[in-house]
Amino acid sequence: MRLLLPLRCGTDIVKGYNCTPQENEAALATLRARSWLALRKKLEEQTTDATVLTSLRSTFEERFRYDEQGVPRVWKPADDIEAAFKKAKDEVSHDGTSFSR
């Protein structure tokens, strides 16, 4: 919320510049518009297919390669690799559906 804080108390911030109230309102309106455009641009960047897929892949690798304590897994012949794979895949699949909402 740090981005929105100056917008709420913007008139207090610009008082030291000796602007008219109309100039202050115009400057704040411009700042609000530019802030929303910057936010939208950042959201569009972060939600491209490539970015989302990279995020999901890295999350899967992290959950598959490491156990619940964050320790790297050392696979033994008796380990159920398929169950760990399915669990990691299901968790990432659940995360992927939350991206689509």
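Placed above this text is the structure.
On a predicted model such as this, the values are computed, not experimentally measured, just so you know.

Q: Quick one: what's the story with the packing of aromatic side chains, residue by residue and with numbers?
A: Applying the stated criterion across every chain yields a total of four aromatic pairs. Between the aromatic rings of Phe60 and Phe85, the centroid separation amounts to 5.4 Å while the plane-to-plane angle is 80°, which identifies the pairing as edge-to-face. Of this pair, Phe60 sits in helix 4 (residues 49-65) while Phe85 sits in helix 5 (residues 81-99), and the two are 25 residues apart along the sequence. Take Phe85: its relative accessible area is 39%, and that puts it in the partly exposed class. Centroid distance Phe64 to Phe85: 5.9 Å. Interplanar angle 85°. Geometry classified as edge-to-face. Placement of Phe64 in helix 4 and of Phe85 in helix 5 is noted, with a sequence separation of 21 residues between them.

Q: So what about the nonpolar core? Which residues, and what values?
A: Counting residues in each nonpolar core, the largest one holds seven residues, listed as Val52, Leu56, Phe60, Phe64, Ala84, Ala88 and Val92. It is helix 4 that contributes the most residues to this core, four residues altogether. For Val92, the contacting residues outside a window of four places in its chain are Leu56, Thr59, Phe60 and Arg63.

What counts, and at which threshold
- Residues numbered from 1 in each chain as written.
- Predicted model: local features only at pLDDT ≥ 70, side-chain atom pairs only at ≥ 80, totals over all residues.
- Heavy atoms only, no water.
- Phe/Tyr/Trp six-rings, centres within 6.5 Å; stacked < 30°, edge-to-face > 60°.
- Helix = DSSP H or I, 4+ residues; strand = E, 2+ residues; numbered from the N terminus.
- Buried < 20%, exposed > 50% of the residue type's maximum accessible area, 1.4 Å probe, protein only.
- Core = buried A, V, L, I, M, F, W, Y, C linked by side-chain atoms within 4.5 Å.
- Contact = heavy atoms within 4.5 Å.

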